[in-house]
Amino acid sequence: MNNLIYLGGEKPSPQLSRLAARRAGRIIAADKGYHAAVETGVQPDVVTGDFDSIGTIPESPGLQVTPAPEQDATDFEKALRQVSPETQSIEILGGTGLRSDHFLTNLLIAAGLPPHLEVVFHDDTQSIFRITPASPFSISLPKDTLVSLIPFATCSGVHTTGLHWNLEDASMGPGEQLGQSNRVEAEQVSVKVGDGMLYAVVNHPHGLNEMPLTD
């Protein structure tokens, strides 16, 4: 099951929002992420948060309203509490842009999620995939698409195929090898990591015509 989360960062275009919602089994909005959803034609199943930025608490048939007034958790963390136990993938809209502290915190929170989950942030110019030993990355992409590999901590056993500069059993991390601005050379791209966690940032300079998920 795929869960879709709307946060209060950069608002997705209507096209992106509807593409993401079309394949979501459960749609969760955190605080003003609710407005981002409904203003792009999507009705969430759940809205949660302290509602400090949403204004009036929404009322809609079938909408589950779950207040979370505590201030020791972010909106993203509150939204994650509403994820279905059987979920296999989580896609996030509104998790990038606007405030870099929010964006970096969202990436750190995602880094700590169970490693088997596929986790991906989307906006209208990029998709950011989390890669773990239990959740490798394999996807079809157009040739010359820019792909950057960003390790938040030391990773080992990094192996890639389909890129211009491929890696084999590489170590990556702060003070070690990084992977900015690689590019796709084959239709199928794969990234595996033996230990650790990294993000694959896939650029979509002309926007998204379809929603990429790993194969």
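That block above? That's the structure.
As a starting point, this report considers the structure included with it. Just so you know, these numbers come straight off a predicted model, no measurement behind them.

Side note on the overall build of the protein
Working step 1: Counting secondary structure elements, the protein contains four helices and 14 strands.
Working step 2: Here the C-alpha radius of gyration of the protein, 17 Å, is about what a compact globule of 215 residues would show, namely 17 Å.
Working step 3: Referenced to the eigenvectors of the C-alpha coordinate spread, the extents of the protein come out at roughly 55 × 35 × 30 Å.
Working step 4: Looking at the protein as a whole, 50% of its 215 residues qualify as buried.
Working step 5: Carbon together with sulfur atoms contributes 51% to the accessible area of the protein, which is approximately 10100 Å² in total.
Working step 6: A gap of 4 Å separates the mean positions of the 13 positive and 26 negative side-chain charges of the protein.

Details of the sheet that holds strand β10 (residues 155-161)
Working step 1: The sheet built from four strands is open, its strands ordered β8-β13-β10-β11 with antiparallel pairing. At either end of the open sheet lies a strand with only one pairing partner, and these are β8 (137-140) and β11 (170-172). Ignoring strand direction, the axes of neighbouring strands in this sheet form an average angle of 30°.
Working step 2: In terms of strand pairing, β8 meets strand β13 (residues 188-192) through four bridges, oriented antiparallel. Within β13, the residue paired with S140 across the bridge is Q188.

Some details on the pattern of salt bridges
Working step 1: Inspection of every chain in the model, using the stated rule, returns five salt bridges.
Working step 2: The residue R99 makes a salt bridge to D101 at a minimum N-O spacing of 2.5 Å.
Working step 3: With its nearest N and O atoms 4.0 Å apart, the salt bridge here joins D144 to R183. Of the two residues, D144 is situated in the loop between β8 and β9 (146-151) and R183 in strand β12 (residues 179-183); the sequence distance between them amounts to 39 residues.
Working step 4: Residue D144 is classed as partly exposed on the basis of its relative accessible area of 47%.
Working step 5: Given a relative accessible area of 28%, R183 falls into the partly exposed group.

Observations regarding the pairing of strand β5 (residues 89-93)
Working step 1: Summarising burial for β5: five of the five residues are buried, a large majority.
Working step 2: The two faces of β5 match: S89, E91 and L93 on one face and I90 and I92 on the other face are all buried.
Working step 3: Pairing analysis gives five bridges linking strand β1 (residues 2-6) to β5, with the strands arranged parallel. The residue bridging L4 from the neighbouring strand is E91, located in β5.
Working step 4: Inspection of the sheet shows β5 paired to strand β6 (residues 118-122) by five bridges, in the parallel sense. If you follow E91 over to β6, its bridge partner there is V120.

Reading the values: the criteria
- Residues numbered from 1 in each chain as written.
- Predicted model: local features only at pLDDT ≥ 70, side-chain atom pairs only at ≥ 80, totals over all residues.
- Heavy atoms only, no water.
- Helix = DSSP H or I, 4+ residues; strand = E, 2+ residues; numbered from the N terminus.
- Rg over C-alpha atoms; globule rule 2.2 N^0.38 Å.
- Buried < 20%, exposed > 50% of the residue type's maximum accessible area, 1.4 Å probe, protein only.
- Areas by Shrake-Rupley, 256 points an atom, 1.4 Å probe, with all protein chains shown as cover.
- Lys, Arg positive; Asp, Glu negative; His and termini not counted.
- Charge placed at Lys NZ, Arg CZ, Asp CG, Glu CD.
- Pairing = 2+ DSSP bridges.
- Axes fitted to C-alpha atoms, helices over the stretch in contact; angles between N-to-C directions.
- Salt bridge = Lys/Arg side-chain N within 4 Å of Asp/Glu carboxyl O.

The analysis is restricted to geometry; functional conclusions fall outside its scope.
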